[in-house]
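Geometric and topological summary
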Amino acid sequence: MPTHRSSSSRYQSSSSPSNASSPLRRAVAAGRRSVSASSSSSVSVAMPCDDRDSEQNSEGDSESLSAGEGSDFEDSLRRNGKKRAAKRPLKPTPAKLPKKRSRTVHAHGQKESEPPASDLFDAVKGAKSDMQSLVDEWLDSYKQDQDAAFLELVNFFIRSCGCKGTVTPEMFKKMSNSEIIRHLTEQFNEDSGDYPLTASGPSWKKFQGSFCEFVRTLVYQCQYSLLYDGFPMDNLISLLTGLSDSQVRAFRHTSTLAAMKLMTSLVRVALQLSLHKDNNQRQYEAERNKGPGQRAPERLESLLEKRRELQEHQEEIEGMMNALFRGVFVHRYRDVLPEIRAICIEEIGSWMQSYSTSFLTDSYLKYIGWTLHDKHRDVRLKCLKALQGLYGNQDLTARLELFTSRFKDRMVSMVMDREYDVAVEAVRLLILILKSMEGVLTDADCESIYPVVYASNRALASAAGEFLYWKLFYPECETRAVGGRERRRSPRAQRTFFYLLLSFFVESELHDHAAYLVDSLWDCAGPLLKDWESLTSLLLEKDQNLGDAQESTLVEILVSSVRQASEGHPPVGRATGRKGLTPKERKIQANDKVKLTEHLIPLLPQLLAKFSADAEKVAPLLQLLNYFDLNIYCTRRLEKHLELLLQQLQEVVVKHAEPAVLEAGAHALYLLCNPEFTFFSRVDFARSQLVDLLTDRFQQELEELLQSSFLDEDEVYSLAATLKRLSAFYNAHDLTRWELYEPCYQLLRKAVDTGEVPHQVTLPALTLVYFSILWTLTHISGSDASQSLSPQKQLLGLKGRMVAFCELCQSCLSDVDSEIQEQAFVLLSDLLLIFSPQMIVGGREFLRPLVFIPEATLQSELASFLMDHVFIQPGELSSGHSQEDHLQIEQLHQRRRLLAGFCKLLLYGVLEMDAASDVFKHYNKFYNDYGDIIKETLTRARQMDRSHCSRILLLSLTQLYTELLQEQGPQGLNELPAFIEMRDLARRFALSFGPQQLQNRDLVVMLHKEGIKFSLSELPPAGSSSQPPNLAFLELLSEFSPRLFHQDKQLLLSYLEKCLQRVSQAPGRPWGPVTTYCHSLSPGENTAEVSPQGYPRSKKRRVEGAN
């Protein structure tokens, strides 16, 4: 803003001080120097920008004032006071009459020399009256008594800072500005660090808005009068400038906000003056271009005089803006307080948008560019919001080219900001740059944004999807508006969109699931994605020139778009943060569900017929039924398409043995087998036909297996495939009447006894028997005659089958095949949990005969299986993209599933709780893999029985210690890496007690006593001076000492001394573990009383020092 620099010379012109200038103005120079010298360095913080210091030294210094002249506004304001005072005639001071809000008559016997009560602050705080009326009332009082009214305005800003002190008339007359601020700082002795801008509560909720509105209204009401008077505005700027350099955070924050809002209002006034000048110039030119006979000299003279007046006013406004910018903004935009930095950036952004001719220059833009590197999210957000306002205006983009080239890399990198809301705004900013500045973003820039469409945060992924749409899809697919209306997109444009989408997904190789890409594009390209007609026509065409991967992706896109339209929420792993849909969204969702159902019902059998041999495509196509409005089969009379669907479904089930296809087929048939549908009988008949076919085949193949001593691979595959199909359907449908339990049990018995049954046959046979037991339990649980003779026989029969199956699974735990072992463990864990004592809860006492408690041998085998298959050290993962890495990740998920099943047995009382020690002792070593599961188990165990849980923690440590002692011996035990790991585990156990020391007091003392007993449980031989073999356990016990109270430490020291009396020890040579443990119990160590939870911090006034 070059005009600002030139106009600032007026503030530095040489003239003597006028009588109208107050001591407050005369002292601002000294105050500025003294406060700035002590606080500028302490309350400013450099941004983490690599290249900023050099540029700021070369460019920023030219924009800011030096310590000798830049921070001294009083001289310039004082000199200018005489010039401005001469413009208005001197008036006699009117009598001070009391008004509605008297500023001279005070209640409670207040002396006239004391400052007036700040009812201005109370009015703004309460926001009970209109701001314009409030400012008008203050202006009226200013006309009667300038000093008293201005003093009230000063005290209003002091009160707004949260300071209870006031500026008295004596202080106003005799003290310098720095002395006044120092005096107010000494009086700022509130106990709390809160002040009006940060205070909570309903009374302060709207204060900041009212405060800013008051400043804006003050400038607006003064723009034709007092704004050019010299006295009030110059002194107000001096006051705010001085306060903005204070070390008191409340002064600095409030005054910076006031100064920036004052600057914003002045910018609006300057803009209006600029418009008036332009209008005046046009009027003058029009009048001067008239002919000699029509030209009015008086009119020209009047326009010239008006121009001079406008020019003078503009210079004065620019001088005030210069004072605020250089005195406040240049120092405070890098303040240590993020709220202050955010205020400065937000306001400079508004200046650039409203008065771009003066502020939209590189000398001002650089401040936003530097602050893009700010460490606080709110400040970075304000930067991005400010830039969005600039790049969103096509008229301003031409002046942003240099800034864009300089800071483009930083803006692109902010897409990966650790704060999601900042990253979202960064993507939106890049969308504006993409639209308004063609060719600025390179392919490399765009490729760094594309992967974000798969981010877990939906807002960020949706913003990246919009960027992708505008970059890749919009130029090719979107039609231009014709005649004010947008015509329907052509089928060719629709197909182009899907071809581009396929190309992006397949070629980028960024993700395996197109559902997340569809969700990212849903908000901006929803109508294109809901064009199911184009999607299905592409899939059904014979010559569509699509590869296998493209066809699979297109099917997934179809299913994903159907699911999104039908359910109205993003896929798993993405949360919108919204509680539900609006009525309008629900209506759109219902309409879309009807449309997609009507369109896809006739085409689904055709799609299944075309891709029936491809399991990768058939499985998702069968999932489409999940999102249909199945009543349309009846209401639209589409039963013929239902017949075709059932035929294709049977063909798919008979043809495939993949679990995904079978599960999808079984679930699709389950959806159709709803008794409420009128076509239920037809679907039920089709289901019976299919199951009859499968069971007949199974009986035939099973007979061959039982009679033959050898089966070839084809026969084994056929039997395994049939069992998989039956197992998948038994999971979703009740197949009890086909009586599959007995033949499957015979098959499993032969497998256990002889080992001649292949494992691929044994696995589905296990699940078949498992589902048979569960369906039988379902029938018995739903029986009304629960106490009759027949259900009692059923209960005993089911109990016998369940016990026999558990014995089979127990035998399978020692099978040579790991898959059979793991499957047996999972099924056994589930059955033990289902038939636990919990099954009789809720009025089902009649099921008590079914309750099954595993014997000690079975419990021991389950724990041993866990040690051998779960707590094993896995291999290291490499990049995470190789086949081996994927296999390791799947194996980890399987191990987590096994551990979760075991932990549920512990928590529901199926297994002895002491068995949890086998899990807890691996807490630290396997924290990355199973930490969340073990922590949840530990938390729930403590909620059930705190004392028992503490004993289990001690048991875990003693077991680990005993194992290490047996392996390594007692010599140098505490120096081994395994012992150090045990100390880390003990520390983690201690932290699990939480901050409730008083509640856990007895438990921690008990744990220490039991630990001391264990450490001295085995004594050295009589006459030997060697330490007991378990004595090093005291070092583990010392990790729990910070959880003790001081009195308990003294008690435990006495208890230890008493226990040590039974052990012979060489005099003068105390054992190391005893010394370590005693040191942990010494009063100097951290105790519960001095913990961070013990005493609250003393409340101090928020003052930044020189640290």
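In this text the structure is predicted, and so the values were computed from the model without any measurement.

Basis of the calculations
All residue numbers refer to positions counted from 1 along the written sequence of the respective chain. Residues qualify for local features only when their pLDDT is at least 70, as the model is predicted, and side-chain atom pairs are given and counted only at 80 or more; totals for whole chains, interfaces and linings, by contrast, use all residues. To obtain the side-chain values, all non-hydrogen atoms of the structure were used and water was disregarded. The helix and strand labels rest on DSSP assignments: H or I over at least four residues marks a helix, E over at least two residues marks a strand, and numbering proceeds from the N terminus. Burial status follows relative accessibility: with a 1.4 Å probe on protein chains alone, a residue under 20% of its type maximum counts as buried, one over 50% as exposed, and anything between as partly exposed. It only takes one pair of heavy atoms within 4.5 Å for two residues to be counted as in contact. Throughout, the Shrake-Rupley method with a 1.4 Å probe supplies accessible areas, and for residues the shown protein chains are the sole cover considered. To count toward a patch, a residue needs a relative accessible area above 30% and no salt bridge. Like charges then connect within 9 Å, nonpolar side chains (Val, Leu, Ile, Met, Phe, Trp, Tyr) within 5 Å. The working definition used for a salt bridge is a side-chain nitrogen of Lys or Arg within 4 Å of a carboxyl oxygen of Asp or Glu. Note that His is not counted, nor are the chain ends; the positive residues are Lys and Arg, and the negative ones are Asp and Glu. Every charge is mapped onto a representative atom, which is NZ of Lys, CZ of Arg, CG of Asp or CD of Glu. Along the chain, pLDDT gives the predictor's confidence residue by residue, from 0 to 100. Aromatic rings from Phe, Tyr and Trp, taking only the six-membered ring of Trp, are treated as a pair when their centres fall within 6.5 Å; an angle between ring planes under 30 degrees marks them as stacked, one over 60 as edge-to-face, and anything in between as tilted. Should the NZ of a Lys or the CZ of an Arg lie within 6 Å of a ring centre and within 35 degrees of the ring normal, that charge is described as sitting over the ring. Residue count minus one, scaled by 1.5 Å, sets the expected span of a helix. Here the arc refers to the set of directions running from the helix axis out to each C-beta atom. With axes taken as lines fitted to C-alpha atoms, and helix axes fitted only over the stretch in contact, angles between N-to-C directions fall between 0 and 180 degrees. What sets the label is the angle itself: under 35 degrees gives roughly parallel, over 145 gives roughly antiparallel, 65 to 115 gives roughly perpendicular, and the rest give oblique. If you view the pair so one helix is near and one far, a crossing is left-handed when the near helix is turned anticlockwise from the far one by less than a right angle, and right-handed when it is turned clockwise. Throughout, disulfides are identified as pairs of cysteine sulfur atoms within 2.5 Å of each other. Polar here means any residue outside two lists: the nonpolar Ala, Val, Leu, Ile, Met, Phe, Trp, Tyr, Cys and Pro, and the charged Asp, Glu, Lys and Arg; Gly therefore counts as polar.

**Description of the overall build of the protein**
Counting its regular elements, the protein contains 47 helices and zero strands. Classification of the 1107 residues of the protein by burial places 51% in the buried group. Put simply, of all contacts in the protein between residues at least 6 apart along the chain, 76% involve residues at least 24 apart. Per element, the accessible surface of the protein, about 52,400 Å² overall, is 50% carbon and sulfur.

**Quick word on unusual backbone geometry**
The phi dihedral of E509 falls on the positive side, at around 55 degrees, and the residue is not glycine. Residue E509 is classed as exposed on the basis of its relative accessible area of 69%.

**Notes on a negative patch on the surface**
Where like charges cluster on the molecular surface, the negative patch consists of E703, E704, D712, E713, D714 and E715. Take E715: it is sitting in helix α33 (residues 713-732). By relative accessible area, E715 is classed as partly exposed at 32%.

**Comments concerning the side chain of Q648**
Here Q648 shows up in helix α30 (residues 639-655). Those residues within four positions of Q648 in sequence are excluded, and the remaining contacts are P605, L608 and A609.

**A short note on the confidence of the model for the protein**
Looking at the protein, the pLDDT average stands at 82 and 83% of residues meet or exceed 70. Within the model, the stretch residues 480-487 combines pLDDT values under 50 with six contacts to residues more than four positions away or in other chains.

**Considering the packing of aromatic side chains**
Tallying each qualifying case throughout the model produces 42 aromatic pairs. Summarising the aromatic geometry, the rings of F329 and Y333 are spaced 5.6 Å apart at their centres and angled 10 degrees between planes, so their arrangement reads as stacked. For Y333, a relative accessible area of 0% corresponds to the buried category. Through pairs of rings, three or more aromatic residues link up here, namely F325, F329, Y333, W351, Y355, F359, Y364, Y367 and W370. The ring of Y923 is capped by R988, whose NZ or CZ atom sits 5.6 Å from the centre of that ring.

**Side note on helix α43 (residues 977-991)**
Counted at 1.5 Å a residue, the expected span for α43 with its 15 residues is 21 Å, and the 21 Å between its end C-alpha atoms agrees. Taken residue by residue, α43 has F979, M982, L985, A986, F989 and A990 as its buried positions. Buried residues in α43, looked at end-on, bunch into an arc of 140 degrees, giving them a common side. For α43, the exposed residues lying more than 90 degrees away from the buried face are P977 and L991. Residues of α43 that are buried sit in contact with α40 (917-920), α42 (946-968) and α45 (1033-1037).

**Describing the pattern of salt bridges**
This structure, assessed with the given rule, holds 42 salt bridges. Across the pair R288 and E285 runs a salt bridge, and its minimum N-O distance is 2.9 Å. With a gap of three residues between them, R288 and E285 both fall in helix α13 (residues 249-288), about one helical turn apart. Here K385 and E425 are joined by a salt bridge, their closest N and O atoms 3.7 Å apart. Highlighted residues: K385 in helix α18 (residues 377-391) and E425 in helix α20 (residues 420-436), separated in sequence by 40 residues. When salt bridges that share partners are traced, they join R983, D984, R987, E1035 and E1039 into one network.

**Considering helix α7 (residues 131-144)**
Helix length check: α7, at 14 residues, gives a terminal C-alpha distance of 20 Å against a target of 20 Å (1.5 Å per residue), a fit within 8%. Listed in full, the buried residues belonging to α7 are M131, L134, V135, E137, W138, L139, S141 and Y142. Lining the buried residues of α7 we find α6 (119-126), α8 (146-160), α11 (207-222) and α12 (231-244).

**Things to note about the packing of α11 against α13**
The packing of two helices is summarised by the inter-axis angle and the distance between the axes. Relative to each other, α11 and α13 sit at 40 degrees, their axes nearing to 9 Å. In terms of orientation, α11 and α13 fall into the oblique class. Considering how the two elements wind past one another, α11 and α13 form a crossing that is right-handed. Between α11 and α13, the contacting residues are Q208, F211, C212, V215, R216 and V219 on the first element and T254, L257, A258, K261, L262, S265, L266, R268 and V269 on the second.

**Looking at the environment of L1016**
As for its position among the elements, L1016 is in the loop between α44 (1001-1015) and α45. A relative accessible area of 4% places L1016 in the buried class. Counting along the chain gives 14 residues from L1016 to N1030, while the straight-line C-alpha distance between them is 6.4 Å. Not counting residues within four places of it along the chain, the set of residues in contact with L1016 comprises P1028, L1031, C1059, L1060 and V1063.

**Re the side chain of H922**
When you line up the elements, H922 lands in the loop between α40 and α41 (927-944). Residues contacting H922, with those up to four places away along its chain left out, are M867, F871 and I934.

**Focus on the environment of A986**
Of note, A986 is situated in helix α43. For A986, a relative accessible area of 0% gives the class buried. Remark: the alpha-carbon pair of A986 and N924, spanning 62 residues in sequence, is separated by 9.0 Å. Not counting residues up to four positions away in its chain, the partners in contact with A986 are L957, L1036, E1039 and F1040.

**Observations concerning the state of the cysteines**
The bond known as a disulfide is covalent and runs between the sulfur atoms of two cysteines. Inspection of every chain in the model, using the stated rule, returns zero disulfides. Free cysteine C161: the closest other cysteine sulfur is in C163, separated by 7.7 Å.

**Quick look at the packing of helix α25 (residues 532-540) against helix α27 (residues 583-610)**
Relative to each other, α25 and α27 sit at 5 degrees, their axes nearing to 10 Å. Taken together, α25 and α27 sit at an angle that is classed as roughly parallel. Between α25 and α27, the contacting residues are W532, E533, T536, L539 and L540 on the first element and D592, L596, H599, L600, L603, Q606, L607 and K610 on the second. Looking at the contact of α25 with α27 residue by residue, the class counts come to seven nonpolar, three polar and three charged.

**Some points on the environment of L669**
Tracing the chain through its elements places L669 in helix α31 (residues 659-672). Setting aside its immediate chain neighbours within four residues, L669 contacts L646, L649, V683, R687, F729 and H733.

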